[in-house]
Amino acid sequence: MGSEAIGAIGLGLLLVLMILRVPVALTMLIVGVVGFAQIISWDAAVAQLKTVPVEVLSNYSFSAVPMFILMGVLAAHSGMAGKLFDSTRIICGGWKGGLAIAAVGSCGIFSAISGSSLATASTMTRVALPEMERYGYNRGLATGALAAGGTLGIMIPPSIALLIYAILTEQSVGDMFMAGLIPGLLGLVMYSLTITVVMYLRPSLAVAGEPTAWKEKLLSLTGLVPFFGVFLVMILGIYFGAFTPTEGASVGAFATLLYALVKGMRGAQLWHSVQETLALSAVVFFMLVGAETLGYFISVSRISFSITDLLYGMDLTPIVVVLCILALYFVLGMFMDSIAMLVITVPVVYPIIQAMGIDPVWFGILTVLTVELGLMTPPVGMNVFVIKAMAPHVGLGEIFKGVAPFVVSDLIRLALLIAFPILSTLFLL
């Protein structure tokens, strides 16, 4: 049996195991090792099991992952998130749908130091949903805005998804972060506009909040200072070369730790934050080890090259190839976790992108945005299930219905990024 056939069987087995609910990291590891053994040898496959975990865990670039996770955990447990929502709520005071816009804005700002969509969604739901319900907001609109706002964490730098894509494709992490800045902020603006349009069409879904004076709005900006301080130090430091993205993650984590200590976080809370960070980091690293193993199997099977040759034979233009891959991501996103989807598929599709001469940074932004859509779409919709867990009294159907206008907004944003690549590459010129 040829290596390409073994590669195709391996990918089919990968899908079957995931359908059977085998953990994604373990699935990639099993398929990668067994497939590699069938093509090369069992001795080589066993030797790979010794070397791959060491390669991944000793990779200096990956050390940024636990630092970004630690930043988000400390920000959530130190009270930063509560002060953030209080500030945005006052700024949007008196607006029709203002609390929903404040929730989306808070998600966007929180994600700037969290790097995780799920962490953003769970933290801001805990803070903002009770307030929106107190003012009589429609539960679908309230939870839909939080589910959508949470997805901003996957695009606004520093983003764990962009970091992993950059490392898997050997791109500059700094370039990926800079490329994600405009698309992320564009998402924040478009979500706010979406709420405004929904309020215009269905004014009964929410009421105007308590009006606030301009002086009060200006004073409330102090609640945003810790976030913008940490964010600007990291992003400007990376952009101007003061430190690498990995060093920037450490600087951001240290700054957030200092804030937490100043605000009174001590012993038990700090230990709980460290435990949560370690648990989340272990999950990510296990998936990265599985992805690296799977990548070796895909490489020796040459299935990526066979797919590339097939596409060349079909005489497809690069933009059609991109659209086909994004359509695949959209479908996979309905069933898979975002990070898992990246680490499984990028080793397969990236050689195709390289062969077609497509800008890998621009494609990375499109990929992450399409993955972001999967966080809101049924049947899995990870952000939706996170919010369901935080608000069990709200039905899944209500949340999915509430999130539908934001899915349309993201599709429009995706079309804009495809039509105008400059939106992703402006800071790289």
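Residues numbered from 1 in each chain as written. Predicted model: local features only at pLDDT ≥ 70, side-chain atom pairs only at ≥ 80, totals over all residues. Heavy atoms only, no water.

Asks: I'd like a rundown of the overall build of the protein, residues and numbers included.
Replies: Within the protein, the secondary structure is distributed over 21 helices and 0 strands. Computed over the C-alpha atoms, the radius of gyration of the protein is 22 Å, within 12% of the 22 Å expected from 2.2 N^0.38 for a compact globule of 429 residues. Expressed along its principal axes, the backbone C-alpha trace of the protein runs to roughly 75 × 50 × 45 Å. In the protein, once contacts between residues fewer than 6 apart in sequence are set aside, the share between residues at least 24 apart is 80%. Across the protein, the mean location of the 17 positive side-chain charges is 16 Å away from that of the 20 negative side-chain charges. (Helix = DSSP H or I, 4+ residues; strand = E, 2+ residues; numbered from the N terminus. Rg over C-alpha atoms; globule rule 2.2 N^0.38 Å. Contact = heavy atoms within 4.5 Å. Lys, Arg positive; Asp, Glu negative; His and termini not counted. Charge placed at Lys NZ, Arg CZ, Asp CG, Glu CD.)

Asks: Now, about the nonpolar core: what can you tell me, with residues and values included?
Replies: The biggest cluster of nonpolar side chains holds 139 residues, and the ones touching the most others in it are F68, M132, Y137, L146, Y329 and F363. Discounting chain neighbours no more than four positions away, the residues touching Y137 are G97, G98, L99, A100, M132, A142, L205, A206 and V207. (Core = buried A, V, L, I, M, F, W, Y, C linked by side-chain atoms within 4.5 Å. Buried < 20%, exposed > 50% of the residue type's maximum accessible area, 1.4 Å probe, protein only.)

Asks: Which residues make up the pattern of salt bridges, and what values do they have?
Replies: Applying the stated criterion across every chain, the model contains 5 salt bridges. Between E372 and R413 there is a salt bridge; the shortest N-O distance is 2.6 Å. Of the two residues, E372 is situated in helix α18 (residues 360-374) and R413 in helix α20 (residues 396-419); the sequence distance between them amounts to 41 residues. What makes E372 buried here is its relative accessible area of 0%. On the basis of relative accessible area, R413 is assigned to the buried category, the value being 0%. R413 serves as the salt-bridge partner of D410, at 2.5 Å between the closest nitrogen and oxygen. (Salt bridge = Lys/Arg side-chain N within 4 Å of Asp/Glu carboxyl O.)

Asks: I'd love a proper account of the packing of helix α5 (residues 80-91) against helix α7 (residues 117-134), names of residues and values included.
Replies: Contact geometry for α5 and α7: axes closest at 9 Å, N-to-C directions at 45°. Overall, the two elements α5 and α7 adopt an arrangement that is oblique. The two elements α5 and α7 meet at a crossing, and its hand is right-handed. Packed against α5, whose contacting residues are A81, G82, F85 and R89, the element α7 presents T123, M124, V127, A128 and E131 at the interface. Tallied by class, the residues present in the contact of α5 with α7 amount to 5 nonpolar, 2 polar and 2 charged. (Axes fitted to C-alpha atoms, helices over the stretch in contact; angles between N-to-C directions. Parallel < 35°, antiparallel > 145°, perpendicular 65-115°, else oblique. Left-handed = near helix turned anticlockwise from the far one by under 90°. Nonpolar A, V, L, I, M, F, W, Y, C, P; charged D, E, K, R; others polar.)

Asks: Which residues make up the confidence of the model for the protein, and what values do they have?
Replies: Any segment with low pLDDT has predicted coordinates that should not be analysed in fine detail. Confidence in the prediction of the protein, expressed as mean pLDDT, is 84, and 97% of residues score 70 or more. Confidence scores differ between elements of the protein, with helix α15 (residues 303-313) showing the lowest mean pLDDT of 71 and α20 the highest of 92. (pLDDT = per-residue confidence, 0-100.)

Asks: Can you tell me about α20, naming the residues and giving the values?
Replies: With 24 residues, α20 should reach 34 Å at 1.5 Å per residue; the first-to-last C-alpha distance of 34 Å fits that figure. Along α20, the largest kink reaches about 35° and is centred on A404; proline P405 follows within four residues of it. What α20 keeps buried is the set I399, F400, G402, V403, F406, V407, S409, D410, R413, L414, L417 and I418. Contacts made by the buried residues of α20 are with α8 (139-151), α10 (173-201), α16 (318-333), α18, α19 (382-390) and α21 (422-425). (Expected span 1.5 Å × (residues − 1). Bend = angle between axes of the 7 residues up to and from the residue.)

Asks: Which residues make up a nonpolar patch on the surface, and what values do they have?
Replies: A surface patch of nonpolar side chains, about 940 Å² in accessible area, is lined by F228, L232, L236, Y239, F240, F420, I422, L426, F427 and L428. Ranked by the residues each element gives to the nonpolar patch, the list is headed by helix α12 (residues 225-239), at 4 residues. Take L232: it is sitting in helix α12. (Patch = residues over 30% accessible without salt bridge, like charges linked within 9 Å, V, L, I, M, F, W, Y side chains within 5 Å. Areas by Shrake-Rupley, 256 points an atom, 1.4 Å probe, with all protein chains shown as cover.)

Asks: Talk me through the packing of aromatic side chains; I want residue IDs and the actual numbers.
Replies: Taken as a whole and assessed by the stated rule, the structure comprises 3 aromatic pairs. A cation over a ring is seen here: K217 above W214, with NZ or CZ 5.9 Å from the ring centre. For the cation-ring pair, R413 lies above Y191, with the distance from its terminal atom to the ring centre recorded as 5.8 Å. (Phe/Tyr/Trp six-rings, centres within 6.5 Å; stacked < 30°, edge-to-face > 60°. Lys NZ or Arg CZ within 6 Å of the ring centre and 35° of its normal.)

Asks: Requested: an account of the environment of M190, with residues and values cited.
Replies: Tracing the sequence through the fold places M190 in helix α10. On the basis of relative accessibility, which here comes to 13%, the residue M190 falls in the buried class. Along the chain, M190 and D410 lie 220 residues apart, while their C-alpha atoms are 8.1 Å from each other. Look past the residues within four positions of M190 in its chain and what remains in contact with it is S409, I412, R413 and L416.

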